[in-house]
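# Residue-level structural notes
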Amino acid sequence: MSRVFSGVQPSGNLHLGNYLGAMKNFVKLQEDHECIYCVVDMHAITVKLDPLTLKKNVLEVAAAFIASGINPEKSIIFVQSQVSAHAELAWIFNCVARLGWLNRMTQFKEKAGKNREGASIGLYTYPILMAADILAYHATHVPVGDDQRQHLELARDIASKFNSDFGNEFFPITEPVIMGVATRVMSLRDGKKKMSKSEESDYSRLNLTDNKDEIVNKIKKAKTDPMVLPDLDCLGENGMFKDQILQERPETVNLLNIYSALSEEPMEKVISNFSGRQFTHFKNELSDLAVEVLTPVNDEIKKLLGNNSFMEDILKKGKEKAIEISDPIINETKRIVGYF
Ligand code: TRP
């Protein structure tokens, strides 16, 4: 049996990176898997977040799931804090995982930065909660971006240690699902930095809520280089960009990746189409494409957010289905550890 689980944090602007890197893949996976998609609000409060903003963001992520094509009749869409299994299992896993494992997590080091002593303990144990998310459903497959691979590895370690500590095979060893070319959508201002909700300049990202003019404007202003678009020589034998172009023209590679992901055309085809052309031409085409793909998503998100009772109904049903799956698993876990 295979079961997919993934989560998206309601911590601010959803952008093209979330859409191409996560949601589009979620949609594909639901064709032939049982899928559970979670709005992880418990993860979002590991950093300070205004309560009203959190509420608004939760609905926005849920709406974006649906607007991107996740079918709530087929897949489960729910909010993490509404299912107690996550918190309960996280505690048990806090006691299974070792301090040394968490100390290796690079994302904590990055996020805590210099002010490590001032970071919340939640931010530190965040990967444990993520393991609980996944394993509370016995998920076998988790689509994640590159930045979450280490956390998924930790979930595997926790499952193995739990199983060996208690002498069983209760938790599955979850596999990562590698996502397509644009798993890493980079900033429009700096091709070596990931597109992020927290980068100061809004010109660095295409938000799912941007309108047509904003999309066009941001692509027009996106950083490029003084050369023309590259030819097929920039690809290696494996069909991936060669190291040299990745190093020397990261912004160009990023825009080509975005084009290929949005158009769903293979990179060879995209490159052949534009090789030798000027960026003005390529950017016009890219804007048209981005507007064509993103504005219907944007419109649908707005429509869904205007229909509160519909959204609440979906999340309520999602919660019930999530509990149906996680309840027996959490109960068995408690029995295994010997809870009274
Ligand atoms: N940590 C993930 C992120 O920031 C979100 C997340 C939480 C998640 N729980 C998960 C992803 C479980 C996959 C599976 O992107």
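Residues numbered from 1 in each chain as written. Predicted model: local features only at pLDDT ≥ 70, side-chain atom pairs only at ≥ 80, totals over all residues. Heavy atoms only, no water.

## Focus: the overall build of the protein chain
Condition: Runs of E in the DSSP output that reach at least two residues are strands. Runs of H or I that reach at least four are helices, and both are numbered from the N terminus. Only the C-alpha atoms count toward the radius of gyration. The rule for a globule is 2.2 Å times the residue count to the power 0.38. Residue burial is assigned from relative accessible area. The probe radius is 1.4 Å, only protein chains are included, and a residue is buried under 20% of its type maximum, exposed over 50%, and partly exposed in between.
A count of helices and strands for the protein chain gives 14 helices and 5 strands. Its C-alpha atoms give the protein chain a radius of gyration of 21 Å, within 12% of the compact-globule value 20 Å for 340 residues. The proportion of buried residues among the 340 residues of the protein chain is 52%.

## Regarding helix α13 (residues 279-305)
For clarity, the cut-off: Under the convention used throughout, the expected extent of a helix is 1.5 Å for every residue step, that is, one less than its residue count. Here the bend at a residue is taken as the angle between two axes, fitted respectively to the seven residues that end there and the seven that start there.
The end-to-end C-alpha distance of α13, which contains 27 residues, comes to 37 Å, matching closely the 39 Å that a straight helix rising 1.5 Å per residue would cover. Of all the bends found along α13, the most pronounced is centred on L294 and spans about 30°, while P296, a proline, follows it within four residues.

## Remarks on the site of the ligand
Basically, it comes down to this: Whether a residue is near a molecule or strand is decided by its heavy atoms; if any one of them lies within 4 Å of it, the residue is near. For the area figures, the Shrake-Rupley method with a 1.4 Å probe applies, and any residue is considered shielded solely by the protein chains shown. Every definition here rests on a 1 Å grid over the protein atoms only: cavities are sets of points where a 1.4 Å probe fits but cannot get out, pockets are open sets enclosed by protein on both sides within 12 Å along at least five of seven lines, and lining residues have some atom within 4 Å of a point. Should more than half of a molecule's atoms lie within 2 Å of a pocket's or cavity's grid points, that molecule is taken to sit in it. Polar here means any residue outside two lists: the nonpolar Ala, Val, Leu, Ile, Met, Phe, Trp, Tyr, Cys and Pro, and the charged Asp, Glu, Lys and Arg; Gly therefore counts as polar.
The immediate surroundings of the ligand are formed by 13 residues, with Q9, Y126, M130, D133 and Q148 found nearest. Relative to its unbound accessible area of 360 Å², the ligand is 89% covered by the protein chains. Taking a 2 Å distance to the grid points as the criterion, the majority of the atoms of the ligand fall inside the largest pocket. At the level of elements, β1 (3-8) and α7 (121-135) are the ones that each hand at least two residues to the shell around the ligand. The residue makeup of the shell around the ligand, split by class, is 7 nonpolar, 5 polar and 1 charged.

## Side note on the packing of helix α11 (residues 250-263) against α13
Rules: Helix axes use the C-alpha atoms of the stretch in contact, all axes being lines fitted to C-alpha atoms, and the angles between their N-to-C directions lie in the range 0 to 180 degrees. Oblique is the label for every angle not falling under 35 degrees (roughly parallel), over 145 degrees (roughly antiparallel), or within 65 to 115 degrees (roughly perpendicular). Working rule for handedness: look at the near helix, and if it is turned counterclockwise from the far one by less than a right angle, call the crossing left-handed; if clockwise, right-handed. Residue contacts are defined here by distance: any two heavy atoms, one from each residue, within 4.5 Å place the two residues in contact.
Orientation of α11 relative to α13, taken along the N-to-C sense of each, is 40°, at an axis distance of 10 Å. By the angle between their directions, the pair α11 and α13 is classed as oblique. The two elements α11 and α13 cross, and the hand of that crossing is left-handed. Residues T252, L255, L256, I258, Y259, L262 and S263 of α11 lie in contact with α13, whose contacting residues are F279, F282, K283, E285, L286, L289, A290 and V293.

## Description of the side chain of N254
Mapped onto the elements of the fold, N254 is located in helix α11. For N254, the residues in contact, after removing those within four places along its chain, are R184, V185, M186, S187 and L188.

## A few points about the pattern of salt bridges
Rules: When a carboxyl oxygen of Asp or Glu is within 4 Å of a side-chain nitrogen of Lys or Arg, the pair counts as a salt bridge.
Scanning the entire structure with this criterion turns up 19 salt bridges. The partner of D165 in a salt bridge is K161, with the nearest N and O atoms 2.9 Å apart. Remark: K161 and D165 occur in helix α8 (residues 149-166); sequence separation between them is 4 residues, near one turn of the helix. Between K223 and E251 there is a salt bridge, with its nearest N and O atoms 3.6 Å apart. Linking K223 in the loop between α9 (212-221) and α10 (243-248) with E251 in helix α11, this pair joins segments that are 28 residues apart in sequence. Judged by relative accessible area, which is 42%, K223 ranks as partly exposed. Judged by its relative accessible area of 9%, E251 is buried. What you see here is one network of salt bridges that share partners, running through D202, R205, D210 and K218.

## Section: empty space enclosed by the protein
Threshold: Grid points are joined across faces, edges and corners, and a volume is the space filled by probe spheres set on the points.
Per the stated rule, a full pass over the model turns up 1 cavity of 30 Å³ or more. Looking at the largest cavity, its volume works out to about 40 Å³. Forming the boundary of the largest cavity are Q107, F108, K111, L123, Y126, P127 and H151. For the lining of the largest cavity, the elements supplying multiple residues, two or more each, are α6 (106-112) and α7. The residue inventory of the lining of the largest cavity, partitioned by class, reads 4 nonpolar, 2 polar and 1 charged.

## Structural notes on α11
Between the first and last C-alpha of α11 there are 20 Å, a value that for 14 residues agrees with the 20 Å anticipated at 1.5 Å per step. Positive phi shows up at E264, right after α11, with a value of about 60°.

## With respect to the layout of surface pockets
Summary: where empty space remains is shown by rolling a probe the size of a single water molecule over the atoms. Estimated volume of the largest pocket: approximately 1,400 Å³. Along its surface, the largest pocket is lined by 49 residues, and Q107, D147, Q148, K194 and K197 are the ones closest to its centre. Counting residues per element, the ones that place at least two in the lining of the largest pocket are β1, α1 (16-29), α2 (41-44), α6, α7 and β4 (141-143). Looking at the lining of the largest pocket, its residues break down into 19 nonpolar, 20 polar and 10 charged.

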